[in-house]
Amino acid sequence: MQTPTSFETPLSINNENSSTQEDTRTLTLWRYPKQADDSPLQAWDTADALLLNTIKVYLTKQIKISIINDGFGALTTSLLAANHKLSSYTDSKVSALASIQNCQVNQLDSKAVTFLPKLNPDEISDSLIIAKLPKNLAFLEFILKQLNQVTKAIDIVFSAKANDINASVKKLFSRYFEVVDISLAWKKSRTITLSKPVAKPYSQFNYWQATDTKSLGISLYNAPNVFARGKLDIGAAFFIEHLPNAENKKVVDLACGNGVLSLVLAKHNPDISHLTLVDESQMAVESASYNFEKNALTVPSLAFKQNDCLSEFEPESVDIVICNPPFHQQKTITDHIAWQMFKDAKRILKKGGELRIVGNRHLGYHIKLNKLFNHCQQIASNSKFVVLSTVKN
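Values in this document were obtained by computation on a predicted structure and should not be read as measured data. (Residues numbered from 1 in each chain as written. Predicted model: local features only at pLDDT ≥ 70, side-chain atom pairs only at ≥ 80, totals over all residues. Heavy atoms only, no water.)

(A) Quick look at the packing of helix α4 (residues 137-148) against helix α5 (residues 167-176). Running from N to C, α4 and α5 cross one another at 20°; their axes reach a closest spacing of 9 Å. Regarding the angle of α4 to α5, the classification is roughly parallel. Of the two possible hands of crossing, α4 and α5 adopt the one that is right-handed. Within the contact between the two elements, α4 uses L137, L140, E141, L144, K145 and N148 and α5 uses S168, V169, L172, F173, R175 and Y176. Of the residues assigned to the contact of α4 with α5, the class counts are seven nonpolar, two polar and three charged. (Axes fitted to C-alpha atoms, helices over the stretch in contact; angles between N-to-C directions. Helix = DSSP H or I, 4+ residues; strand = E, 2+ residues; numbered from the N terminus. Parallel < 35°, antiparallel > 145°, perpendicular 65-115°, else oblique. Left-handed = near helix turned anticlockwise from the far one by under 90°. Contact = heavy atoms within 4.5 Å. Nonpolar A, V, L, I, M, F, W, Y, C, P; charged D, E, K, R; others polar.)

Put into structure tokens, the structure is as follows:
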């Protein structure tokens, strides 16, 4: 019986211990951070399997393969196991780490994969380009805009759950490619094969999109894959009214997004000593840095870091952690990311240091914070959100 962690890759694997040259293999795949052994969450879906099945026709010889938006490494791990030359682009640090983890779990050398920091058309030319459909339309358009500029590709194939290929998605594909071939559904998933890039695509797409934040006295811009790109996140808007006093404090803004919380904090705490903005999204970190530059806000020590939560921070090294934690991973509602954030915050806080968060009321974060810190104080609440504070004893 297949378990949530087992993925029967449809690719033929070269196996020296097999009596045949074509032997299929069941891979073990985990989400990142690794969930509990009894978790029902899968690190793959039928769109992964369909995409791998679809490209088998191309794999009769060694070719260069470029992977875009591989959620947890199902594509990377399967293709690496089949001995193909790979590069991979993702905006997500967590997705990249999941690919590395799953390669290692399956005794594969993750160093054989070239992880691309940017989606550069020149770096993926002359390759078979495969991609998972992102949930964010602005990020999809950014990807399509880059793919439209690839001078030569063996082919370009996307996959997605069938109900995610809606009219807006189809319109974006047709804006950048003349031929958009959508497959029949297989286990509620489809592929989209693209060819003939539009010579001069009509597009009003801007990499930086402004958000109306005049009432806050700041300017705010967002790269394509930033949460709430076109408007101020309502949770952050509520949290802004209840930020801690950060005078002469060393502060970390965890899951910083576009940096709006830190911008307001720095604006109202001119004597803040250290401020580090952290997010797992490269585009979020890029946006936060861009916004500090645009607002000409200076902090004696200011840093921007793409990181898996706070894994690379020293213990007992900061005074305050502020956080607007996500309650989903890709399209799955889950609290294990927030739990990791809270545990990491406790580890890096000095004694007497404060973790202050905002969260949806129904998520019950106060229960987790009470369990971890032995106490939790509600600072403010409205019909949708609560602001909670806990201090490390």
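That covers the picture; the talk isn't over yet.
(B) Structural detail: helix α10 (residues 365-373). Within the span of α10, buried status applies to Y365, K368, L369, L372 and F373. Along the axis of α10, the buried residues cluster in a sector spanning 105°; they form a single face. Residues I367 and K371 are exposed on α10 and point more than 90 degrees away from its buried face. Two residues or fewer past α10, N374 is found with a positive phi of approximately 75°. (Buried < 20%, exposed > 50% of the residue type's maximum accessible area, 1.4 Å probe, protein only. Arc of directions from axis to C-beta.)

(C) Here's a closer look at the pattern of salt bridges. Overall, the coordinates contain nine salt bridges when judged by the stated rule. Of the charged contacts in the structure, one is a salt bridge between D48 and K132, with a shortest N-O distance of 3.1 Å. Taken together, the positions of D48 in helix α1 (residues 46-55) and K132 in strand β6 (residues 127-132) put the pair 84 residues apart, joining distant regions of the chain. Of the two residues, D48 and K132, both sit in the buried class. The closest approach of N and O atoms between D319 and K350, which form a salt bridge, is 3.5 Å. Of this pair, D319 sits in strand β15 (residues 318-323) while K350 sits in strand β18 (residues 349-360), placing them 31 residues apart in sequence. The network of salt bridges with shared partners includes D45, D48 and K132. (Salt bridge = Lys/Arg side-chain N within 4 Å of Asp/Glu carboxyl O.)

(D) The pairing of strand β13 (residues 274-279), seen in detail. Counting buried positions along β13 gives five out of six residues, so the element sits mostly inside the fold. With five bridges joining them, strand β12 (residues 250-254) and β13 adopt parallel strand pairing. The partner of V251 across the bridge, within β13, is L275. As a crossover connection, the stretch from β12 through helix α7 (residues 260-268) into β13 is right-handed. For the crossover that starts at β13, traverses helix α8 (residues 282-294) and ends in the parallel strand β14 (residues 301-306), the hand is right-handed. (Pairing = 2+ DSSP bridges. Right-handed = clockwise from strand over helix to strand, strands pointing away.)

(E) Seen up close, the sheet that holds strand β20 (residues 385-391). Within the open sheet, the seven strands sit side by side as β14-β13-β12-β15-β18-β20-β19. Their pairing is mixed. The open sheet has two edge strands with one neighbour each: β14 and β19 (377-381). When strand polarity is set aside, the average angle formed by the axes of neighbouring strands in this sheet is 15°. Across seven bridges, the pairing between β18 and β20 is antiparallel. Paired with E354 across the bridge in β20 is V391. Seen against the sheet, α8 touches β13 and β14 and runs at an angle of roughly 160° to β14.

(F) Looking closely at unusual backbone geometry. The peptide bond linking Y32 to P33 adopts the cis configuration, its omega dihedral lying at -5°. With respect to the secondary-structure elements, P33 resides in the loop between β2 (23-28) and α1. Even without glycine at this site, N83 takes up a positive phi of about 65°. By the secondary structure assignment, N83 is in the loop between α2 (74-81) and β4 (85-89). At K196, a residue that is not glycine, the phi angle is positive and equals roughly 55°. Along the chain, K196 falls in strand β9 (residues 189-197).

(G) A look at the state of the cysteines. Within this structure, the stated rule accounts for zero disulfides. Here C309 is not cross-linked by a disulfide; its sulfur's nearest cysteine counterpart is in C323, at 8.1 Å. Look at C309 and you get buried, because its relative accessible area is 6%. Assessed through its relative accessible area of 1%, C323 is described here as buried. (Disulfide = S-S within 2.5 Å.)

(H) A look at the sheet that holds β6. Strands sit in the order β5-β4-β3-β6-β7-β9-β8 across an open sheet of seven strands; the sheet is mixed. Edge positions in the sheet fall to β5 (113-116) and β8 (177-182), since each has one partner strand and no second. Averaged over all neighbouring strand pairs, the angle between strand axes comes to 20°, with direction disregarded. Pairing geometry for β4 and β5, over four bridges, is parallel.

(I) Looking closely at the environment of Y221. By the secondary structure assignment, Y221 is in strand β11 (residues 220-222). The exposure class assigned to Y221 is partly exposed, which follows from its relative accessible area of 24%. Residues Y221 and K294, 73 residues apart in the sequence, show an inter-C-alpha distance of 8.9 Å. Apart from residues lying up to four places away in sequence, Y221 is in contact with W208, Q209, A210, N258, S287, Y290, N291 and K294.

(J) Seen up close, the nonpolar core. Judged by nonpolar contacts, the single largest core of 31 residues is most densely connected at F7, I55, I65, L79 and I130. For this core, the secondary structure elements donating two or more residues are β1 (6-13), α1, β3 (64-68), α2, α3 (93-105) and β6. The leading source of residues in this core is α2, at five residues. Residues L119, L147, V150 and V226 belong to the second largest nonpolar core, which totals 30 residues. (Core = buried A, V, L, I, M, F, W, Y, C linked by side-chain atoms within 4.5 Å.)

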